[in-house]
Amino acid sequence: MIQFAQTFPDKQIVATLTRQLSWSHFVELLPIEDPMKRDFYSEMCRIEQWNVRTLRAKIDSMLFERTALSRKPKEVARHELDNLREEDLLTPNLVLRDPYVLEFLNLDDRYLEKDLEGAIMRELEQFLLELGTGFTFLARQKRITIDDENFHLDLLFFHRDLKRLVAIELKLGDFKPDHKGQMELYLRWLDKYERRTGEESPIGLILCAGKKQERIELLELDQSGIHVAEYLTVLPPKEVLREKLVKAITHARKRLGDSSVKGESDK
């Protein structure tokens with residue numbers, strides 16, 4: 001109880017959280033030393049109404065470290081968390097992840113893109129759980145006709161809280177620069193023909209087996225509403241995944257000029 005009082009000194013924040021979080025939730029949150037990480041889990045738990053078991057699983061899977069938010073400068077991340085607390089405002093940085101863990105697909109060592117897509121459709125419920133709360137499945141192989149030529153978007157979802165369409169493309173190999181042009185074309189078509197009144201602009205998620213970070217940075221994909229993430233069909237040891245995520249977070253924050261990175265990376 002003393003630790004609880006020290007960790008959550010703001011009575012107003014505690015009053016808001018205790019409407020939906022039990023003491024068992026707080027027991028899971030108290031060991032988290034990083035205040036921003038702890039605030040992320042407490043607010044997402046409140047917004048998405050996780051039970052204790054789900055909260056424990058999210059922490060164990062290092063959800064915070066896999067979000068786009070964790071790679072933002074601390075000032076930006078804190079601003080988004082404050083908006084989440086005060087206005088229940090979810091952003092793509094809070095929703096999108098990297099990597100996505102798809103070990104439940106049970107794919108063999110060798111598989112084609114159609115096998116990956118088919119496995120996702122068979123395990124759609126598990127895939128939705130990995131995507132996160134708020135996603136609604138709309139279409140598979142969505143036909144897009146441009147200048148009398150047909151294209152097909154792998155998967156199309158809608159996110160209720162973001163109020164926007166989410167286009168997903170699946171790639172077996174590493175991310176390539178031409179994937180950006182393909183996704184931009186799909187997003188502009190969706191914005192013109194599928195976006196409804198009151199919705200935000202569609203965003204794209206390219207799931208690939210690997211990616212080279214400098215290519216992502218040079219293409220400035222964030223400005224196009226495109227997120228590139230790796231998918232893992234086999235879950236690596238936790239320490240291996242942790243090291244990979246810490247390196248990605250440190251690199252991203254350094255690139256964005258976060259002055260707090262040096263001290264963190266030295267720990």
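The model shown is predicted, which means the values in this text are computed figures rather than measured ones. Each residue is numbered by its place in its chain's sequence as written, counting from 1. At least 70 in pLDDT is required for a residue's local features to be given in this predicted model, at least 80 for side-chain atom pairs to be given and counted, and no such filter applies to totals for whole chains, interfaces and linings, which use all residues. Each side-chain value is worked out from all heavy atoms of the structure, with water and hydrogens disregarded.

> What should I look at first to understand the layout of surface pockets in this one?
It is a probe the size of a water molecule, rolled over the atoms, that shows where empty space is left. Only protein atoms enter the 1 Å grid used here. Points where a 1.4 Å probe fits but cannot escape make up a cavity, open sets with protein on both sides within 12 Å along at least five of seven lines make up a pocket, and a residue lines them when an atom lies within 4 Å of a point. Grid points are joined across faces, edges and corners, and a volume is the space filled by probe spheres set on the points. One number sums up the size of the largest pocket: a volume of about 810 Å³. Lining the largest pocket are 32 residues, and of these Arg-71, Ile-216, Asp-222, His-227 and Arg-255 sit closest to its centre. Ranked by residue count, the leading element in the lining of the largest pocket is helix H13 (residues 238-255), at seven residues. The residue classification treats Ala, Val, Leu, Ile, Met, Phe, Trp, Tyr, Cys and Pro as nonpolar and Asp, Glu, Lys and Arg as charged. All others, Gly included, are polar. For the lining of the largest pocket, a count of residues per class yields 14 nonpolar, six polar and twelve charged. Numbering of helices and strands starts at the N terminus; helices are DSSP runs of H or I of at least 4 residues and strands are runs of E of at least 2.

> Which parts of the structure should I look at to understand helix H10 (residues 124-131)?
Think of an α-helix as turning once every 3.6 residues; residues three or four places apart then point the same way. Working definition: with a 1.4 Å probe on protein chains only, accessible area under 20% of the residue-type maximum means buried, over 50% means exposed, and in between means partly exposed. Listing the buried residues of H10 in full gives Leu-124, Phe-127, Glu-130 and Leu-131. All buried residues of H10 lie within an arc of 120° about the axis, which places them on one face of the element. Residues of H10 that are exposed and point over 90 degrees away from its buried face: Glu-125 and Leu-129. One or two residues past the end of H10 sits Gly-132, with phi positive at roughly 120°. By arc we mean the arc of the directions from the helix axis to the C-beta atoms, nothing more.

> Hey, could you run me through unusual backbone geometry in this one?
Phi is mostly negative for residues that are not glycine, and the peptide bonds are mostly trans. Cis geometry marks the peptide bond from Asp-98 to Pro-99, where omega comes out at 0°. Structurally, Pro-99 is set in the loop between helix H8 (92-95) and strand E1 (100-101).

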